[in-house]
Every structure is written in structure tokens, then in C-alpha cells.
Amino acid sequence: MNIGHIPLTNNLFVAPMAGVTDRPFRQWCKRLGAGYAVSEMVTSRRELWTSLKTSRRANHDGEVEPIAVQIAGTDPLMMAEAAAYNIDRGAQIIDINMGCPAKKVCNVWAGSALMQNEPLALAIISAVVAACEPHRVPVTLKMRTGWCHDERNALVLARAAESAGIAMVTVHGRTREQGYRGFAEYDTIAAVKAALRIPVVANGDIDSPEKAREVLRYTGADALMIGRAAQGRPWIFREIAHFLATGEHLPATPVAQARQWLLEHLLDHYSLYGERAGVRTARKHIGWAVRSLPGGEAFRTDMNQLETCEDQIRAVGDFLGELAERHALWPAIAPGSAPEHDASTAPTSCDVPIAAANHASIRLTA
Ligand SMILES: Cc1cc2nc3c(=O)[nH]c(=O)nc-3n(C[C@H](O)[C@H](O)[C@H](O)COP(=O)(O)O)c2cc1C
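Below you will find a few notes about this structure.

Quick notes on the rules
- Residues numbered from 1 in each chain as written.
- Predicted model: local features only at pLDDT ≥ 70, side-chain atom pairs only at ≥ 80, totals over all residues.
- Helix = DSSP H or I, 4+ residues; strand = E, 2+ residues; numbered from the N terminus.
- Buried ≥ 20, exposed ≤ 12 C-beta atoms within 10 Å, placed from the backbone.
- Contact = placed C-beta atoms within 7 Å.
- Near = placed C-beta within 6 Å.
- Nonpolar A, V, L, I, M, F, W, Y, C, P; charged D, E, K, R; others polar.
- Pairing = 2+ DSSP bridges.
- Right-handed = clockwise from strand over helix to strand, strands pointing away.
- Expected span 1.5 Å × (residues − 1).
- Arc of directions from axis to C-beta.

## A word on the overall build of the chain
Argument step 1. Scanning the chain from N- to C-terminus turns up 11 helices and 13 strands.
Argument step 2. Buried residues in the chain amount to 50% of all 366 residues.
Argument step 3. In the chain, 73% of the contacts between residues at least 6 apart in sequence involve partners at least 24 apart.

Set out below in C-alpha cells:
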């Protein structure tokens, strides 16, 4: 499939997850079967672009193309500037975040809250598309099914977005009000897919090859986006790809192979963050990876006390090396076992200031 004129290797996407999908993690997923990955959201606040956090988020060194950057904000002009800024730094696709249930900042909600103000959402879309068009950079949109159960306007917004020049829409099958609670529903995604000509991506609670096949079939979506189930287990992409292609399960991953992948990811992770931040931010990735393993919880507690890259990498290597002697294969995926949304790694805000955003709940006519 393509996003605009840009071809992808397959239709299995890594979901953008702030604090998780940094460049090393995206690379890891792409290496293990993901056809596309979107960066963590980058704020539209110009004064934060030079901050260490934002510049790490905008790091694409050696990244497998296409490079897609998600931007978040509530002011059309600032969003257009953020798009142009990221294009200058290598972005080939710009994704607009209307999917993240971020906190209120400066009295205005960002992310999925924009779905409650359709004119503002459309003004942002139009401004970003206009900024990207001269560079031939496709603009995509990630949204939820709506603001709340009774106001599921994904279809209205998706149609308007397509008319405004959006090249692909991703729908997470929850409302903003739901946060990460309850279950994703796929009827709204199916309705969006049926109405649009551009590619539509289904997202939410896809955590196994069977679920992937079911969601594809039910929604008719062009692609799937997977978030939490890839945490600590990015080889889920190759497992799903194989199952979709053959109807058969890929043989379970040898522990020795997973050990090697994890260690390589850690080295890449340290190279982006350095020792102090690297050791701390790697803990969550290690914790996710070992959570389903015998002795994983106790290991995680001990590993969290380590302060150097050398100690951390040795501990992970030893733990998995000893495990490999007793258990040849990594445990299979138990559907529904993906990590819960973890507030400690979730975005606390979209870091967006509010210029003149009018936050009244104005609606477009369908
Ligand atoms: C830790 C975390 C951070 C997230 N950050 C973002 C983000 O920056 N932008 C965004 O559009 N969605 C964000 N999301 C939502 C995911 O992209 C995805 O829509 C959601 O997790 C549902 O997919 P899943 O059930 O496969 O995890 C985040 C989710 C998690 C768990």
C-alpha cells in the first residue's frame, strides 16, 4: 500500500506512543516486520523545538524510510510551522495527532479533544496540508471514534479530512472519554473505511495474529496499527505478517534469538539517550519484555536498581542466557495480555499552548 505517493513494505504499522516509539524502538519494530512507524508526537510549540526531549523525538539518524513525524497542537498556523520544521529535518510524512487523550494545557484540550471542535480540527488539517503540499509530503490524520459514546463523529471528520487533502486516516476504536478503558469497537472504523477512498487504518486492542485477521476482515481496513502489544515484543509484527500471509503460526521465537534482539535494541537505545537517561528509559522496555517470563517480575525489581549501561546489559544478557538453558522458546502471545496503558510512560500533555483556540463544541453538518 501507499501513503500518497510513498510506498510501504506492508500494512502493519507501529502506533505512535509518546515515551516509547523513539527512533531505536521504531527501528526495532521495522526490522522485525513492521512496514511503517510514526514517531512520538512533536509539539507545535516553537520554543520547545530545541529542548533535549523534542530534539530526541525528532532524531531520525539511520531510520528506515519513510520517516513519519506526528505533530500535536491546537493552533493552525503553529501546526503548519511545525510541519514545515519537521520536513526540513527529514520528515517525509506528517501525521496530525487527534488521537491522544492528552491533558488539558493552558485551558484547552489537544489531541483527540480537537474532535469536539470540528471547524478548528479542519482549520488545522487545511493549514498543515497547505504547508506540506509544496514539498510533496502527504499528511495523515490519527483520531479516535469521537469525543464520547454519544458523539462519535469520526465518520464526519474523516470525510471532511479526505476532502481537505488528507492522504490516510487512522482510527483508534475508542472515544476520547474512554481513555484506554473498555474495549475498542470496530463498527465505526468499518463505517469510515466504507466511506473513504483514501487508505484507512484500524487501531485498538490488536494483540495477536488471530485478532489482526479478525479486525482486518471486520473493518475492511487497508492496514492495522499496533501499539501496546508491541511493547517488549516487537516480533509480533513478523508473527502477524506470517499468519496473515499463510494462515499458519510462525514457530515460537527462540529465547536466545529474543535475547540477541533485546541486547541490540538496548545498545541502540543507549546511543540515543546516553548512559544516565538511557539506563532509566530502558527499564520500561526491559520490564515489558520480561513480564511474561518465569522469574521476570523479580528480575525487573532487581534490574531497576542498576545505574550503568554495562550493569544493565550484563543483567539482561545473564537473565535471558540462563533462561534459554531451561526454556528454548519465548512464550506464545496470550490474547488480551498486552500491557495496560501505563500512566508512567503515557504522555502527560501534548505540550501545546493555546493561542486563539475557540473551544466551543461546534459541529459540522454531516
Ligand atoms: C504509552 C502510550 C503513549 C501514546 N502516545 C500517543 C501519541 O503520542 N500519539 C497518538 O496519536 N497516540 C498515542 N497513543 C495511542 C496509541 O497510538 C494507540 O492509538 C493506542 O494505544 C491503541 O492501540 P493499542 O490498543 O494497539 O495499544 C499512546 C498510547 C500509549 C499506550
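## So, the site of the ligand
Argument step 1. Around the ligand sit 26 residues in total, of which Ala15, Met17, Ala18, Gly227 and Arg228 are the nearest.
Argument step 2. Taken together, the residues of the shell around the ligand break down into 12 nonpolar, 10 polar and 4 charged.

## Remarks on the pairing of strand β12 (residues 200-203)
Argument step 1. Burial along β12 is two-sided: the residues Val200 and Ala202 and Val201 and Asn203 are all buried.
Argument step 2. The pairing of strand β11 (residues 168-175) with β12 spans 4 bridges and is parallel. The residue of β12 that forms the bridge with Val171 is Ala202.
Argument step 3. In terms of handedness, the path from β11 via helix α6 (residues 187-195) over to β12 forms a crossover that is right-handed.

## Notes on helix α1 (residues 23-31)
Argument step 1. The element α1 is extensively covered by neighbouring structure, given that 7 of its 9 residues are classed as buried.
Argument step 2. Listing the buried residues of α1 in full gives Arg23, Pro24, Phe25, Arg26, Gln27, Trp28 and Cys29.
Argument step 3. On its buried side, α1 packs onto β3 (12-14), β4 (36-37), α8 (236-246) and α9 (255-290).
Argument step 4. Just downstream of α1 lies Gly33, where phi reads positive at about 115°.

## Some words on helix α11 (residues 309-326)
Argument step 1. Look at α11: 26 Å from first C-alpha to last across 18 residues, which is about the 26 Å you get at 1.5 Å a residue.
Argument step 2. Considered for burial, the residues of α11 that qualify are Cys309, Gln312, Val316, Phe319, Leu320 and Leu323. Each buried residue of α11 sits inside an arc of 115° when the element is viewed along its axis, so together they form one side. With respect to the buried face of α11, the exposed residues turned more than 90 degrees away are Glu310, Asp318, Gly321, Glu322 and Glu325.

## As for the pairing of strand β13 (residues 223-226)
Argument step 1. Burial of β13 is two-sided: the residues Ala223 and Met225 facing one way and the residues Leu224 and Ile226 facing the other way are all buried.
Argument step 2. Strand direction decides the pairing type here: β3 and β13, joined by 3 bridges, are parallel. Counted as the bridge partner of Phe13 is Met225 from β13.
Argument step 3. By the bridge criterion, 3 bridges tie β12 to β13 in an arrangement that is parallel. Residue pairing for β13: Val201 is matched across the bridge by Ala223.
Argument step 4. Read from β12 through helix α7 (residues 209-219) to β13, the crossover connection turns out right-handed.

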